[in-house]
Structure formats: C-alpha cells, structure tokens
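Architecture at a glance
Take a look at the letters that make up each chain.
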Amino acid sequence: KDIPFMRHALVFNAISALTFIAAVFFLATRGLHLSVEFTGGTVLEVAYEQTADLAKVRQAVDGLKLGEVQVQNFGTSHDVMIRVPVRGDVKQTEVSGRVFAALCAAEQGQVQDRQYTTDKGEQVSRQACDAAGKEPVKLSRVEAVGASVGDELARDGAMALGFVVIGIMIYLAIRFEWKFAVAAILANLHDVVIILGFFAFFQWEFSLSVLAAVLAVLGYSVNESVVLFDRIREAFRKYRKMTTAEVIDHAITSTISRTIITHGCTQLVVLSMLVFGGPTLHYFAIALTIGICFGIYSSVLVASPLVMWLGVSRKDLVKPDKKTEIGAAI
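Each value, and the rule that gives it
Residues numbered from 1 in each chain as written. Predicted model: local features only at pLDDT ≥ 70, side-chain atom pairs only at ≥ 80, totals over all residues. Heavy atoms only, no water. Helix = DSSP H or I, 4+ residues; strand = E, 2+ residues; numbered from the N terminus. Buried < 20%, exposed > 50% of the residue type's maximum accessible area, 1.4 Å probe, protein only. Contact = heavy atoms within 4.5 Å. Areas by Shrake-Rupley, 256 points an atom, 1.4 Å probe, with all protein chains shown as cover. Pairing = 2+ DSSP bridges. Expected span 1.5 Å × (residues − 1). Polar contact = N/O pair within 3.5 Å; in protein donor to acceptor, adjacent residues only side chain to side chain. Phe/Tyr/Trp six-rings, centres within 6.5 Å; stacked < 30°, edge-to-face > 60°. Axes fitted to C-alpha atoms, helices over the stretch in contact; angles between N-to-C directions. Parallel < 35°, antiparallel > 145°, perpendicular 65-115°, else oblique. Left-handed = near helix turned anticlockwise from the far one by under 90°. Patch = residues over 30% accessible without salt bridge, like charges linked within 9 Å, V, L, I, M, F, W, Y side chains within 5 Å. Salt bridge = Lys/Arg side-chain N within 4 Å of Asp/Glu carboxyl O. Nonpolar A, V, L, I, M, F, W, Y, C, P; charged D, E, K, R; others polar. Core = buried A, V, L, I, M, F, W, Y, C linked by side-chain atoms within 4.5 Å.

What the protein chain contains, in helices and strands, is 12 helices and eight strands. Out of the 330 residues belonging to the protein chain, those deemed buried represent 42%. Taking the contacts inside the protein chain whose residues are at least 6 apart along the sequence as the reference set, 73% of them involve residues at least 24 apart. By element, 62% of the accessible surface of the protein chain is carried by carbon and sulfur atoms, the whole surface being about 17,100 Å².

All right, on to the pairing of strand β4 (residues 76-85) then. Across a regular strand the side chains alternate sides, sitting on one face of the sheet and then on the other. Two elements, strand β2 (residues 41-48) and β4, share seven bridges in a ladder whose sense is antiparallel. Paired with G41 across the strands is P85, a residue of β4. Relative to β4, strand β3 (residues 70-74) runs antiparallel, the two sharing five bridges. Looking across to β4, one finds that Q72 is bridged to M81.

In this model, helix α6 (residues 178-202) (25 residues) spans 37 Å end to end at C-alpha, consistent with the 36 Å of a helix rising 1.5 Å per residue. Extensive coverage of α6 is indicated by the burial of 18 of its 25 residues. Measuring from the backbone nitrogen of K179 back to the side-chain oxygen at the start of α6 gives 3.0 Å, which picks out E177 as the cap.

So, about the packing of aromatic side chains. Between two aromatic rings, the relevant description is the distance of the centres plus the angle of the planes. Inspection of the entire model under this criterion finds 12 aromatic pairs. When the centroid spacing of 6.5 Å and the interplanar angle of 90° are considered together, the rings of F12 and Y297 count as edge-to-face. Of this pair, F12 sits in helix α1 (residues 9-29) while Y297 is found in helix α9 (residues 278-301), placing the two residues 285 residues apart along the sequence. For F12, a relative accessible area of 17% puts it in the buried group. Three or more aromatic residues link up through ring pairs in this structure, and these residues are F25, F26, F198, F199, F201, F202, W204, F206, Y283 and F294.

Taken N-terminus to C-terminus, the directions of helix α7 (residues 208-238) and α9 make an angle of 25°; their axes are 9 Å apart at the nearest point. Relative to α9, α7 is oriented roughly parallel. With respect to the hand of their crossing, α7 and α9 are arranged in right-handed fashion. Taking contact as the criterion, the partners of S209, V210, A212, A213, A216, V217, Y220, S221, E224, S225 and L228 in α7 are, on α9, Y283, F284, A287, L288, G291, I292, G295, S298, S299 and V300.

On the surface, M159, F163, I166, I170 and I174 cluster together to form a nonpolar patch covering roughly 550 Å² of accessible area. You can see F163 is positioned in helix α5 (residues 147-175). For F163, a relative accessible area of 58% corresponds to the exposed category.

Attention shifts here to the pattern of salt bridges. Overall, the coordinates contain six salt bridges when judged by the stated rule. One salt bridge connects R83 with E205, and the closest N-O pair in it is separated by 3.7 Å. Of this pair, R83 sits in strand β4 while E205 is found in strand β8 (residues 205-206), placing the two residues 122 residues apart along the sequence. Residue R83 shares its accessibility class with E205, and that shared class is buried. Note that D230 is salt-bridged to R233, the shortest N-O span being 2.8 Å.

Let us look at the packing of α6 against α9. Viewed as axis vectors pointing N to C, α6 and α9 meet at an angle of 140°, and their least axial separation amounts to 9 Å. With respect to each other, α6 and α9 are oriented oblique. Remark: the crossing between α6 and α9 carries right-handed chirality. Along its contact with α6, which presents A187, H190, D191, I194, I195, F198 and F199, the element α9 presents Y283, A287, I290, G291, F294, G295 and S298. For the contact of α6 with α9, a count of residues per class yields nine nonpolar, four polar and one charged.

Taken together, the four strands give an open sheet; going across it, the order is β3-β4-β2-β7, and neighbouring strands pair in antiparallel fashion. Looking at strand neighbours, the two that pair on one side only are β3 and β7 (137-145), the edges of this open sheet. Adjacent strand axes in the sheet meet at a mean angle of 20° when their direction is disregarded. Running over the sheet, helix α3 (residues 54-62) touches β2, β3 and β4 and is turned about 145° from β3.

This part covers the nonpolar core. In terms of nonpolar packing, the biggest core is built from 56 residues, with M6, L172, F180, I195, F229, I232 and I252 touching the most fellow members. Elements represented by at least two residues in this core include exactly α1, α5, α6, α7, α8 (244-276), α9 and α10 (303-309). Considering each element in turn, this core owes the most residues, 13 residues, to α7. Leaving out residues up to four positions away in the same chain, L172 has contacts with E177, F180, A181, A184, V222 and V226. Grouped together as the second largest cluster of nonpolar side chains are 22 residues, Y48, V71, V95 and V137 included.

Attention shifts here to the side chain of S221. Tracing the backbone through its elements, the reader meets S221 in helix α7. Residue classification places S221 among the buried residues on the basis of a relative accessible area of 2%. Those residues in contact with S221, other than ones at most four positions away along the chain, are N188, D191, G295, S298 and S299.

Listed below in structure tokens is the structure:
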C-alpha cells in the first residue's frame, strides 16, 4: 500500500523553508569560522613523549598573544596541532619559533638557547627541551599559508561548488526533464545551505575537508534523487490511470527500503569516523552526517513535491507511441 506522502507536501516544504531561512540567517549574522587554509596562517604539529596536556599547551600559546589560536589533538593523544592566524605585526617565519619556544618553556623552565632543525630543514630558534636526555616535545611539521593563498583556495572552492551544481543540473535535464533538474538543484542547495547554517550557528571550523564533505553530500543526494526520479518515470509508464501525486507516492514507497538500507549503511561508516577518526575527521564526519540526514529528507520530501508543483506529467516523460498517434490521426 502506497504511503500518501504528497498529501502532506505543503507541510514538508514549509518545514524545509523554515530550516533554510534559519540557516541563511545564521550565515548572514554569524558567518563561517574559516580555517587557516582559507584565512592564512601557520600550522604546527608537535609530538609529546607523554600524553599532551591541551590546557597547558593552550595557556602557553595564548601567552604569546598571537590571536585566536586553535589547539587540538591530531591523530593520537601525544600529537598536537596548533593553528595560528596571520598577524600583520608578526612575520610568519618567526611564528613557529616563538610558539615552539613557548611550548618548550612550558615543559621545562630553565633552558638554554640553541638551534632546532625541523624535518623540512628549517632552522627554528628555540629554547632547549632537554629532560633526562630526551626532548619532551618535538616539532614534527610546520606549514605556513599566506593570506593570498587562502583567498585563492576560497575562490577555487566556490568555483568547484558552482561547477558541481551546474553539472548536476545539466545531467538531470538531459536524462529526465528540466522540471526534475530544477527540483533536484533546489533540494540539493537546501542541503548545502543547511550544512553551512549548522557550522555558522555552532561556529565549527570550516576547512577544506568540510568543503569536500559538502561536495560529497551533493553527489550523494543527487544519486538518491536520480533513483527516485527514475522510479517516477517507470510508474508513469506502467500506471496510466494514476494521478501525478499517486505516481510520486508509489515511487517513494517502492524505494523507501532501499533508501533506509543505503543511507543507514553509509551513516554507520560516517559514525565510525566521527567516533574513532579523531579531530582530523571530526568536522568532516559531522558535515557528512548532517548532509546524509537532510539529504534523505530533501530528495524524498522536498524534491518530489517541487516536481509535482512544477506540473510534471506523463507527457513530459513518456513519448507517445507512433501507432497510437497514427490511430488518433485516422
């Protein structure tokens, strides 16, 4: 028995509209908390002999007054990633040395000055970190991103998002009909804006990995829309006496088990990344989780009502039989 989803289409789209407006409001008022990749800055990775005390590390770095510095574990509890924003009064080449010196001073008070060479061969002036013949903290990697590079990454990311949207719209218009393309794009943009709205509201860090998750959600969501649209086309061919709403209800009901199984299995993998992936994959997994949940909703309960209201009919999807046309002419 088909579930009458389209009977409540107005309610579903009203919920979507309210959620979309809220996301746009938070984007406009709070904005995205862009990572160093987009804003420019210095990224340091340090390794401790023992489990790193993040509070102690953050206190040592904050004492340098370099701005809003981000400190988090990276990979293991012994590895720490420190992101320092660009400052006009401090050269980026000096930031890594000052930060590492502060970490060394926090680990061991009285120390001697010496030169420390990173794996890249950079000379970093710092204080010695000798404790019982071993270094309690080691500088693993230093990466500096200029402000111009960050602007370029942001611009390229926006272009990538735009090309994906245009490509999806062209593909759906060729495979199905322009009404399906418009409905799918509106539903997919609904997913993207809501993901960005969550990141703006909670001020989660928006990085290149999160942008990759947004692009993945676009592809994942359009895949669900294609499956549903294909079933709608089949139903139009098979059930000639059904109305458009009944055809869409039948298509959604017949694919609902596939939707639950596919998205459920995908979410299990994403959940494992969220729980066991550590800080590196944390926001990537969060973006995917939000995208999967709202992607199901938009593909099934947003795109389908839009298709119905755009006036799709059997004539748009099923070409008339030549014999029928000849008979009608006679």
